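These are the residues of each chain, in order.
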Amino acid sequence: MPTEPTTLVPLQPSGDLPPLYCVHPASGSVYCYSGLARLMGSRQPVYGLEAPGLDGDRPPVGSVAELVEAHFAALPPAAPGTPVHLLGWSLGGLVAFELALRLRAAGVRVGALIMMDSPVPRVFQRPPEADILKRFLMETTGGDAVTDEQVAELARVLASPPPTGAELDDDALETALLRSRYAVFRANTEALIGHQMTGRYPGSVQLVRADRSPAERMRWIDWADQVTTHVLPGDHMSIWVGDSLTRLATTVSEVLAKVDPSGPDRSTPEAG
């Protein structure tokens, strides 16, 4: 029988420490975490939780609740009392937050909950399709210099009819993959727009924020008992490169080291 597709992706699977699970941003991909995984050291296992449907193996899902259930099902069973560490960037932080609530409700111990540059969800209208296309290009290319011509070309490619016939050339396969990835990004955008918080987190949240990101949009203290804020130089995208990435890996390592493998979190949070 064929195996059910999983959202779990090994990024650095070796090591003897409790694993760190990194939840995808709106792009659906977890390879944004590859650099972080390399810097975490050989003892720290790191896995990604990617969005369903990213490779066209199944339809994307359109709600945070469905994402949480897919990732909950993908997590391997943890030994009793062993902490499960979660990290998520942007939309991934929100999904990690809700996944932490889901795990706690199932009796699983959540260790560190690290949310990276993740705004608290707010009610807003669905953006125009051109804006979604532009944001998709920004997140998949890692930059903000996206032109109207690039957006128009992406729209043209996505709107072109799929190829027919048994044989697909490389360009057709690349376009099919692009369609799948944009469908996931669009579904994740819809999930964010329609999400309402399910509850307050009765523990400590570690918020990592870029210094050029608006702090007022990340008031997670309204939804968690304790929040510690770590500020990195850069913006939403640039915190993943250079010195900011190195500092990020150090911060994450320090946060994980403060979680007692057999007891409560020993970190001392500060209101954020």
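Thresholds, definitions, all that
Residues numbered from 1 in each chain as written. Predicted model: local features only at pLDDT ≥ 70, side-chain atom pairs only at ≥ 80, totals over all residues. Heavy atoms only, no water. pLDDT = per-residue confidence, 0-100. Contact = heavy atoms within 4.5 Å. Pairing = 2+ DSSP bridges. Helix = DSSP H or I, 4+ residues; strand = E, 2+ residues; numbered from the N terminus. Axes fitted to C-alpha atoms, helices over the stretch in contact; angles between N-to-C directions. Buried < 20%, exposed > 50% of the residue type's maximum accessible area, 1.4 Å probe, protein only.

Chemist: Give a detailed account of the confidence of the model for the chain, specifying residues and quantitative values.
Modeler: Detail in the predicted coordinates should be disregarded across regions flagged by low pLDDT. Looking at the chain as a whole, the pLDDT averages 88, with 89% of positions reaching at least 70. Note on residues 265-272: pLDDT is under 50 here. Beyond four places in sequence and across chains, it has 24 contacts.

Chemist: Now, about the sheet that holds strand β6 (residues 201-210): what can you tell me, with residues and values included?
Modeler: A sheet is described by the order of its strands in space; here 7 strands give the open sequence β1-β3-β2-β4-β5-β6-β7, paired in mixed fashion. Of all the strands in the sheet, the pair left with one neighbour each is β1 (8-12) and β7 (224-232). Within this sheet the neighbouring strands show an average axis-to-axis angle of 25°, counted without direction. As paired strands, strand β2 (residues 20-23) and strand β3 (residues 46-49) are joined by 4 bridges and run parallel to one another. Within β3, the position partnered with Y21 by the bridge is Y47. Helix α3 (residues 91-105) rests against β2, β3, β4 (84-89), β5 (110-116) and β6 of the sheet, and its axis sits at about 155° to β4.

Chemist: Report on the side chain of S90, specifying residues and quantitative values.
Modeler: Note that S90 resides in the loop between β4 and α3. On the basis of relative accessible area, S90 is assigned to the buried category, the value being 12%. Not counting residues within four places of it along the chain, the set of residues in contact with S90 comprises P25, M116, D117, S118, E139 and H236.

Chemist: Give a detailed account of unusual backbone geometry, specifying residues and quantitative values.
Modeler: Non-glycine residue S90 carries a positive phi angle of around 60°. Residue D117 is not a glycine yet carries a positive backbone phi of 50°. By the element assignment, D117 lies in the loop between β5 and α4 (129-141). Look at D117 and you get buried, because its relative accessible area is 1%.

Chemist: Kindly report on the environment of S14, identifying the contributing residues and their values.
Modeler: By secondary structure assignment, the location of S14 is in the loop between β1 and β2. A relative accessible area of 38% means that S14 is categorised as partly exposed. Put simply, S14 and V46 are 32 residues apart on the chain and 8.2 Å apart in space, counted from C-alpha to C-alpha. The residues touching S14, leaving out its near neighbours within four places in the chain, are S42, R43, Q44 and P45.

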